[in-house]
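Summary of the model geometry
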Amino acid sequence: MKAALGLRTHSGWAAAVVISGSRGAIEVLDRRRIELGDPSIAAPKQPYHEAEGQPLPAARRIIDRYSADAVRRAMEAFRALADGLEKKGYALDRCGLLVSSGRPLPDLASILASHALIHSADGELFREALAQAASRQRWMTLRIAEKELPAKAAAALRAPASELQSRIQTAGKDLGPPWTQDQKFATLAAWVALARRSSKF
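The structure reproduced in this document is the subject of the present report. (Residues numbered from 1 in each chain as written. Predicted model: local features only at pLDDT ≥ 70, side-chain atom pairs only at ≥ 80, totals over all residues. Heavy atoms only, no water.)

A few words now on the packing of helix 5 (residues 149-157) against helix 7 (residues 181-195). Running from amino to carboxyl end, helix 5 crosses helix 7 at an angle of 35°, the nearest separation of the two axes being 9 Å. When you trace helix 5 past helix 7, the crossing you get is left-handed. Residues L149, A153, A156 and L157 of helix 5 lie in contact with helix 7, whose contacting residues are F185, L188, A189, W191, V192 and A195. Considering only residue class, the contact of helix 5 with helix 7 consists of 10 nonpolar, no polar and no charged. (Axes fitted to C-alpha atoms, helices over the stretch in contact; angles between N-to-C directions. Helix = DSSP H or I, 4+ residues; strand = E, 2+ residues; numbered from the N terminus. Left-handed = near helix turned anticlockwise from the far one by under 90°. Contact = heavy atoms within 4.5 Å. Nonpolar A, V, L, I, M, F, W, Y, C, P; charged D, E, K, R; others polar.)

With that settled, the discussion passes to the layout of surface pockets. For the largest pocket, the calculated volume is near 210 Å³. For the largest pocket, the full set of lining residues is S100, S101, G102, R103, P104, L105, P106, A116, L117, S120, E124 and R127. (1 Å grid on protein atoms, 1.4 Å probe; cavity = no way out; pocket = protein on both sides within 12 Å on 5 of 7 lines; lining within 4 Å. Points joined across faces, edges and corners; volume = space filled by probe spheres on them.)

What follows is about the packing of aromatic side chains. All told, the structure shown has one aromatic pair when counted by the stated rule. A centroid spacing of 4.9 Å and a plane angle of 40° characterise the contact between F78 and W139, whose relative ring orientation is tilted. Highlighted residues: F78 in helix 2 (residues 56-87) and W139 in the loop between helix 4 (115-136) and strand 5 (140-145), separated in sequence by 61 residues. Note on accessibility: F78 and W139 belong to one class, buried. Between R33 and the ring centre of W13, over which it is positioned, the NZ or CZ distance is 4.1 Å. (Phe/Tyr/Trp six-rings, centres within 6.5 Å; stacked < 30°, edge-to-face > 60°. Buried < 20%, exposed > 50% of the residue type's maximum accessible area, 1.4 Å probe, protein only. Lys NZ or Arg CZ within 6 Å of the ring centre and 35° of its normal.)

So, about the environment of E76. Looking at the secondary structure, you find E76 in helix 2. You can call E76 partly exposed: its relative accessible area is 39%. Distance from E76 to V192, taken between C-alpha atoms, is 24 Å for residues 116 residues apart in sequence.

Looking now at the pairing of strand 4 (residues 91-99). Along strand 4, eight of the nine residues are buried, which leaves the element largely enclosed by surrounding structure. Looking at chain direction, strand 1 (residues 2-10) and strand 4 are connected through six bridges and run parallel. When the bridges of strand 4 are listed, A3 appears paired with L92. Pairing geometry for strand 4 and strand 5, over six bridges, is parallel. Directly across from L97, in strand 5, lies its bridge partner R143. (Pairing = 2+ DSSP bridges.)

Moving on to the packing of helix 6 (residues 161-173) against helix 7. Here helix 6 crosses helix 7 at 110°, and the two axes come no closer than 10 Å. Taken as axis vectors, helix 6 and helix 7 run roughly perpendicular relative to one another. The two elements helix 6 and helix 7 cross, and the hand of that crossing is right-handed. Packed against helix 6, whose contacting residues are L164, R167, I168 and Q169, the element helix 7 presents K184, T187, L188 and W191 at the interface. (Parallel < 35°, antiparallel > 145°, perpendicular 65-115°, else oblique.)

What follows is about the pattern of salt bridges. Applying the stated criterion across every chain, the model contains 13 salt bridges. The shortest N-O distance in the salt bridge between E76 and R72 comes to 3.1 Å. Of this pair, E76 and R72 both sit in helix 2, separated by four residues, roughly a single helical turn. Relative accessible area serves as the criterion here: at 38%, R72 is assigned to the partly exposed category. The residue R127 makes a salt bridge to E124 at a minimum N-O spacing of 3.4 Å. Remark: E124 and R127 occur in helix 4; sequence separation between them is three residues, near one turn of the helix. (Salt bridge = Lys/Arg side-chain N within 4 Å of Asp/Glu carboxyl O.)

Our next topic: the sheet that holds strand 2 (residues 13-21). Strand order across the open sheet formed by five strands is 3-2-1-4-5, with mixed pairing between neighbours. Both edges of this open sheet fall to strand 3 (26-35) and strand 5, since each of them pairs with a single strand only. Across this sheet, the average inter-strand angle for adjacent strands is 20°, counted without regard to direction. In terms of strand pairing, strand 1 meets strand 2 through eight bridges, oriented antiparallel.

Right under this line is the structure:
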C-alpha cells in the first residue's frame, strides 16, 4: 500500500508525518521529529548566522558543512522510515515538502549583507537538504508553498479546506501530543502528495 511523507521545516529540524489512505480518509502511520543538525549542540542551527562576518571562502565552508550534514541526517531518517514501513507492507514513495513562497535568494555575499535574507537562507538550506535527500530516495517530491497549502489541498483532495482540517484533527486525536500546527500542516502536505500522480500542479 502506498504511503506519503509530509514535512514542515524549521532551522535545524523538521516535523515529519507519514500517512496512507485515499482522498476520502487517511491513517497516520508515523510521526516524528527529524534532526537536521547535531542535537547534542544546544545552540540554534543557523548556518548563515554563523557565517555572517566571515570572509566569503570561510562562509562557504561553514554553509557547505551544514548542508552536507543536513542531507546526510535526512537520508538516514528517510531510509529508517522507509525500511520500517516496508516491513509493515507500506511503500513510501512520495513526499510533500512545505516551502517558502519568497523570492529566490541572491548570491552569498548579498545574503550575508542582509539580516532578513540570512534568516530566510537558514530555513531554505534545511528545506533544500530535505529535497535532496528525498530525490536520492527516488521519491516523487511535491514542493508546496505553505501559504498556498489550504487552496492546493482543497483542489487536489476535492474537499473544502475546513473539512480537511477537521479530518486531520480527528486523524491525530488518538496519537496524543504533539499534534500541533507542525504535524497538521505536514499531514496535509503528505495527503496532497498521496493524491498526486506527478510532482507538478
